[in-house]
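Spelled out, the chains give:
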Amino acid sequence: MEVRDVPEEWKVDSRTERFRARVITGVTEAVVMPDGEVVNRDYVVHPGSVAVVALDEAGRILLLRQYRHPVRRLLWELPAGLRDVDGEPLYVGAARELAEETGYRARTWNVLVDAFTSPGMADERTRIFLARDVSPLPEGELDFVRRHEEADMPLVWIPLSEAVRRAMAGMIHNSQAVAGILAAYAASADGFASLRPADAPEA
């Protein structure tokens with residue numbers, strides 16, 4: 001049996017919307033199991049996200065710290081954001097998030113890894129990019145105003161190997177950050193030659 005995720009959709013007898021918020025919607029679906037039993041499954045409908053591992057010439061990656069209220073923690077994360085612009089290529093959205101959250105841009109983009117962030121409770125899928133040839137945006141080019149949790153996000157450049165150590169030691173918890181850090185470290189073994197292009201389709 002090939003170890004590869006494949007599309008599959010079991011019959012849904014009914015769907016009930018429990019709540020609708022600014023970004024997410026909570027639903028209950030009555031799903032028909034293979035043996036015919038119908039069971040309720042609650043989950044969150046999410047627009048999806050993108051994230052960026054920005055890697056400089058010294059082998060360091062860029063992390064930012066953001067308050068996350070559901071877990072009551074300040075988390076070190078990758079620059080990231082929602083897929084909230086219809087029809088926008090994912091790497092374009094990722095470049096925008098990198099610019100808005102950090103003030104940096106990159107010339108070289110590749111797909112690093114695709115993931116479902118928490119498939120037992122949400123349909124959110126994320127695409128994490130590797131961005132290289134990174135440089136600060138010229139003065140005055142960015143007019144984005146950071147608000148709320150984004151108003152005070154410290155940035156740090158940290159060696160990729162040190163980020164791996166901290167992720168493995170339980171010092172970095174954000175799932176996109178952990179996945180991106182470990183994927184970038186693995187991809188560095190062949191100099192990133194095996195990575196997909198930035199516009200590769202999602203499977």
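Basis of the calculations
- Residues numbered from 1 in each chain as written.
- Predicted model: local features only at pLDDT ≥ 70, side-chain atom pairs only at ≥ 80, totals over all residues.
- Heavy atoms only, no water.
- Helix = DSSP H or I, 4+ residues; strand = E, 2+ residues; numbered from the N terminus.
- Buried < 20%, exposed > 50% of the residue type's maximum accessible area, 1.4 Å probe, protein only.
- Contact = heavy atoms within 4.5 Å.
- Areas by Shrake-Rupley, 256 points an atom, 1.4 Å probe, with all protein chains shown as cover.
- Lys, Arg positive; Asp, Glu negative; His and termini not counted.
- Charge placed at Lys NZ, Arg CZ, Asp CG, Glu CD.
- Pairing = 2+ DSSP bridges.
- Arc of directions from axis to C-beta.
- Axes fitted to C-alpha atoms, helices over the stretch in contact; angles between N-to-C directions.
- Core = buried A, V, L, I, M, F, W, Y, C linked by side-chain atoms within 4.5 Å.

A. Region of the structure containing the overall build of the protein. Across its full length, the protein carries three helices and eleven strands. The principal-axis extents of the C-alpha atoms in the protein amount to approximately 60 × 45 × 35 Å. With 203 residues in all, the protein has 38% of them scored as buried. In the protein, the proportion of contacts linking residues at least 24 apart, taken out of those at least 6 apart, comes to 59%. Per element, the accessible surface of the protein, about 12,400 Å² overall, is 51% carbon and sulfur. In the protein, which carries 24 positive and 33 negative side-chain charges, the distance between the mean positions of the two groups comes to 4 Å.

B. Focus on the pairing of strand β4 (residues 49-54). Counting buried positions along β4 yields six of six residues, so the element is predominantly enclosed. Neither face of β4 is open: one carries Ser49, Ala51 and Val53, the other Val50, Val52 and Ala54, and all of them are buried. Looking at chain direction, β4 and strand β7 (residues 80-82) are connected through three bridges and run antiparallel. Opposite Val50, over in β7, you have Gly81 as the bridge partner. In terms of strand pairing, β4 meets strand β9 (residues 125-136) through six bridges, oriented parallel. Across the sheet, residue Val50 finds its bridge partner in β9, namely Arg127.

C. How the structure looks around helix α2 (residues 160-168). Taken residue by residue, α2 has Leu160, Ala163, Val164 and Ala167 as its buried positions. Take α2 and look down its axis: the buried residues cluster within an arc of 105 degrees, on one side only. Residues of α2 that are buried in the fold lie against β5 (60-68), β10 (155-159) and α3 (175-187).

D. Quick peek at the sheet that holds strand β1 (residues 12-20). Ordered by their spatial adjacency, three strands build an open sheet running β1-β2-β3, and the pairing between neighbours is antiparallel. Each of the sheet's edge strands pairs with one partner strand only, and the pair in question is β1 and β3 (38-45). The sheet shows a mean angle of 20 degrees between the axes of neighbouring strands, direction not considered. Two elements, strand β2 (residues 25-32) and β3, share eight bridges in a ladder whose sense is antiparallel. The residue of β3 that forms the bridge with Val32 is Val38.

E. Quick peek at the environment of Ala203. Take Ala203: it is sitting in the segment after β11 (196-197). Owing to a relative accessible area of 85%, Ala203 belongs among the exposed residues under this scheme.

F. Fine view of the pairing of β5. Of the strand pairs in this sheet, β5 and β10 are connected by five bridges, and their pairing is antiparallel. Pairing of Leu62 across the sheet is with Trp157, part of β10. Note: β5 against strand β6 (residues 73-77), five bridges, orientation antiparallel. Of the residues in β6, the one forming a bridge with Tyr67 is Leu74.

G. Examining the sheet that holds β10 more closely. Spatially, β6-β5-β10 is the arrangement adopted by the three strands of the open sheet, whose pairing is antiparallel. Every interior strand has two partners, whereas the edge strands, β6 and β10, have only one. Going across the sheet, the axis of each strand differs from the next one's by a mean of 35 degrees, ignoring polarity.

H. Geometry of the nonpolar core. If you look at the biggest cluster of nonpolar residues, it comprises 22 residues, and the most contacted ones within it are Val53, Ile61, Leu78, Leu112, Leu130 and Ile181. For this core, the elements supplying multiple residues, two or more each, are β4, β5, β9, α2 and α3. Here this core gets five residues from one element, more than from any other, and that element is α3. Discounting residues that sit within four places of it in the chain, Leu130 has contacts with Val53, Leu55, Thr108, Trp109, Asn110, Leu112, Phe192 and Leu195. One finds Val50, Ala54, Val134 and Ala198 within the second-largest nonpolar core, a separate group that totals 16 residues.

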